[in-house]
Amino acid sequence: MGSGGNAIDRTNSNFKSVKRAPSSKPPFTLGDIKKAIPQHCFNRSLLRSSSYLFVDLFFSFLFYYVATTYIVHLSAPLSYVAWPVYWILQGTVQMGLWVIGHECGHQAFSEYPWLNDTFGYFLHTGMLAPYFSWKYSHRRHHSNTGSLDHDESFVPKKKSSLNTFSRLLNTPPGRLLRLVILCTVGWLLYVCFNVSGRKYEKFANHFDPKSPIYNDRERFQILVTDIGLIATSYGLYKLGLAQGFTWLVLVYFAPLVIVYGFLVVITWLHHTHRSLPHYDSTEWNWLRGALSTIDRDYGILNTLLHHITDTHVAHHLLFTIPHYHAMEATKAIKPILGEYYQFDDTPIIKAMWREATECFFVEADEGEDNSKGVYWFNNKM
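Definitions and cut-offs
- Residues numbered from 1 in each chain as written.
- Predicted model: local features only at pLDDT ≥ 70, side-chain atom pairs only at ≥ 80, totals over all residues.
- Heavy atoms only, no water.
- Helix = DSSP H or I, 4+ residues; strand = E, 2+ residues; numbered from the N terminus.
- Rg over C-alpha atoms; globule rule 2.2 N^0.38 Å.
- Buried < 20%, exposed > 50% of the residue type's maximum accessible area, 1.4 Å probe, protein only.
- Contact = heavy atoms within 4.5 Å.
- Areas by Shrake-Rupley, 256 points an atom, 1.4 Å probe, with all protein chains shown as cover.
- Lys, Arg positive; Asp, Glu negative; His and termini not counted.
- Charge placed at Lys NZ, Arg CZ, Asp CG, Glu CD.
- Phe/Tyr/Trp six-rings, centres within 6.5 Å; stacked < 30°, edge-to-face > 60°.
- Axes fitted to C-alpha atoms, helices over the stretch in contact; angles between N-to-C directions.
- Parallel < 35°, antiparallel > 145°, perpendicular 65-115°, else oblique.
- Left-handed = near helix turned anticlockwise from the far one by under 90°.
- Nonpolar A, V, L, I, M, F, W, Y, C, P; charged D, E, K, R; others polar.
- Polar contact = N/O pair within 3.5 Å; in protein donor to acceptor, adjacent residues only side chain to side chain.
- Pairing = 2+ DSSP bridges.
- Core = buried A, V, L, I, M, F, W, Y, C linked by side-chain atoms within 4.5 Å.
- Expected span 1.5 Å × (residues − 1).
- Bend = angle between axes of the 7 residues up to and from the residue.

K.L.:
Could you give an account of the overall build of the protein, with specific residues and numbers?
P.N.:
Summing up its helical and strand segments, the protein has 15 helices and seven strands in all. Relative to the globule expectation of 21 Å for 381 residues, the C-alpha radius of gyration of the protein, 21 Å, shows essentially globular dimensions. With the C-alpha coordinates aligned to their principal axes, the bounding extent of the protein is approximately 65 × 50 × 40 Å. For the protein, buried positions account for 52% of its 381 residues. The contacts of the protein with a sequence gap of at least 6 include a subset with a gap of at least 24, amounting to 69%. Accessible area of the protein: about 18300 Å², with a carbon and sulfur share of 64%. Side chains of the protein carry 34 positive and 30 negative charges; the gap between the two charge centres is 2 Å.

K.L.:
Explain the packing of aromatic side chains to me, using residue names and the numbers behind them.
P.N.:
The description of an aromatic ring pair rests on the distance of the ring centres and on the angle between the ring planes. Enumeration according to the criterion identifies 17 aromatic pairs in this entry. Ring geometry for F109 against F119: centres 5.4 Å apart, planes inclined by 70°, an arrangement best described as edge-to-face. Of this pair, F109 sits in the loop between α3 (78-105) and α4 (113-126) while F119 sits in helix α4, placing them 10 residues apart in sequence. Since its relative accessible area comes to 1%, F109 is described here as buried. The class of F119 is partly exposed, set by a relative accessible area of 27%.

K.L.:
Just give me the short version of the packing of α3 against helix α10 (residues 245-270), but keep the residues and values in it.
P.N.:
At a minimum axis separation of 7 Å, α3 and α10 run at an interaxial angle of 55°. When the interaxial angle is binned, α3 and α10 end up oblique. Classified by chirality, the crossing of α10 by α3 is right-handed. Between α3 and α10, the residues in contact are W83, Y86, W87, I88, Q90, G91, T92, Q94, M95 and W98 and L250, V251, A254, P255, L256, I258, V259, Y260, F262, L263 and I266, respectively. Among the residues making up the contact of α3 with α10, the classes are represented as 17 nonpolar, four polar and no charged.

K.L.:
If you had to explain the side chain of N205 to someone new, which residues and values would you point to?
P.N.:
By secondary structure assignment, the location of N205 is in the loop between α8 (186-193) and α9 (219-243). A distance of 2.9 Å separates a polar atom in the side chain of N205 from the backbone nitrogen of F207. Separated by 2.9 Å, the side chain of N205 and the backbone nitrogen of D208 make a polar contact.

K.L.:
Describe the sheet that holds strand β7 (residues 374-378), listing the residues and the values that go with them.
P.N.:
Overall, antiparallel pairing links the three strands, which are arranged β3-β7-β6 in an open sheet. Strands at the two margins of the open sheet, each flanked by one partner only, are β3 (278-279) and β6 (361-364). Where β3 lies against β7, two bridges are found, and the strand directions are antiparallel. For H278, the partnering residue across the bridge sits in β7 and is Y375.

K.L.:
Give me the lowdown on the nonpolar core, citing residues and values where you can.
P.N.:
By size, the foremost hydrophobic cluster in this structure holds 54 residues, and its most contacted members are M95, W98, W187, Y260 and W268. A per-element tally of this core places α10 first, with 14 residues. Here W187 is in contact with A129, P130, W134, Y260, L263 and V264, once residues within four sequence places are set aside. In terms of nonpolar packing, the next biggest core, distinct from the first, is built from 18 residues, F28, I33, I333 and Y341 among them.

K.L.:
Explain helix α14 (residues 323-337) to me, using residue names and the numbers behind them.
P.N.:
Helical periodicity: at 3.6 residues per turn, an α-helix aligns residues three or four positions apart in one direction. For α14, spanning 15 residues, the distance from its first C-alpha to its last is 20 Å, which sits close to the expected 21 Å at 1.5 Å a residue. The largest bend along α14 measures about 25° and falls at A329. The inward-facing, buried residues of α14 contact α1 (30-36), α2 (46-69), α3, β4 (295-296) and α13 (312-317). One or two residues past the end of α14 sits G338, with phi positive at roughly 60°.

K.L.:
Quick rundown of unusual backbone geometry? Include the residues and the values.
P.N.:
Here the residue pair A76 and P77 is connected by a cis peptide bond, since its omega of 5° sits within 30 degrees of zero. Mapped onto the fold, P77 is located in the loop between α2 and α3. Backbone geometry places Q107, a non-glycine residue, at a positive phi of 60°. Examined against the element boundaries, Q107 turns out to sit in the loop between α3 and α4. Residues other than glycine seldom take positive phi values, yet F154 does so here, at roughly 50°. Residue position: F154 is located in the loop between α5 (131-143) and α6 (164-169).

And the structure:
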């Protein structure tokens, strides 16, 4: 098994040296990690969680009020400035709401599972996200992180599986195209067509109760998810008839593009970095996979997005810890994790282009017989 260290791509002189995370069996257990975290970090306060929910809802409705009361009456060129500002502000706040819904799916919102699912269902459905469908596929992502065979999202391709078209995507125009798709329709491609997800023997998506992603006990809740999405879509259709579909796009759908741009980019960057290993079935285990993620610094957005950005390592290890304890938990586990803890403070736009450039596929290191099942990112085809 590889042990990490300074990784230099011997086939690409444009690459800089990157210190790899260790890929060997960790000298600590999940129990050791849990013991290092103060016990109060595991407390899920309904009152405290609800306070974050209500603050986000307040600002979301405030921005909606400003947009529908004032911005809609602005003429050009002021409207050309005001609408994008509204989309960014509203999209950021609603991404915070989406994160709270995500915590509901992990049962980190409160100690009451039925209440967590109720809040999560309405929050995600209101943003046209399939709550139970994504909850279950995301749970499998947490159960199989870093596995090339069984992970559910952003599964990198092996070099051996690339084709001629891949060479076009591995060029500056191709990278730009990939990033544009990622930031705009990447979420839709994933939930509708399982793009970048685990490969199944038959077509898989997040809306079919018989999708291979789900087992028989989950299929009814997938149907409940679909019913909620149909009802929401019908309500939006009626709203569009009443207010105009241009109004609906400006007020509702444009901020939603920001939300899902955030979601896809954040998830992708958490699992895409040249320091991170991936494993095939011969080397993977849960703890090694859970450690194959990286915290990022999004500046003030760390706070606005409830620290989903800079505490993701702790989240993968102990996902029922609520976001308001995640920073303390992260600080507590760093001494235990040592070099297994990965953090990158590269500005996000720069990191997006770098990862799109350097992390095009994965391959095992040649000549290292003891790490054939450990794969690292590369881009030299």
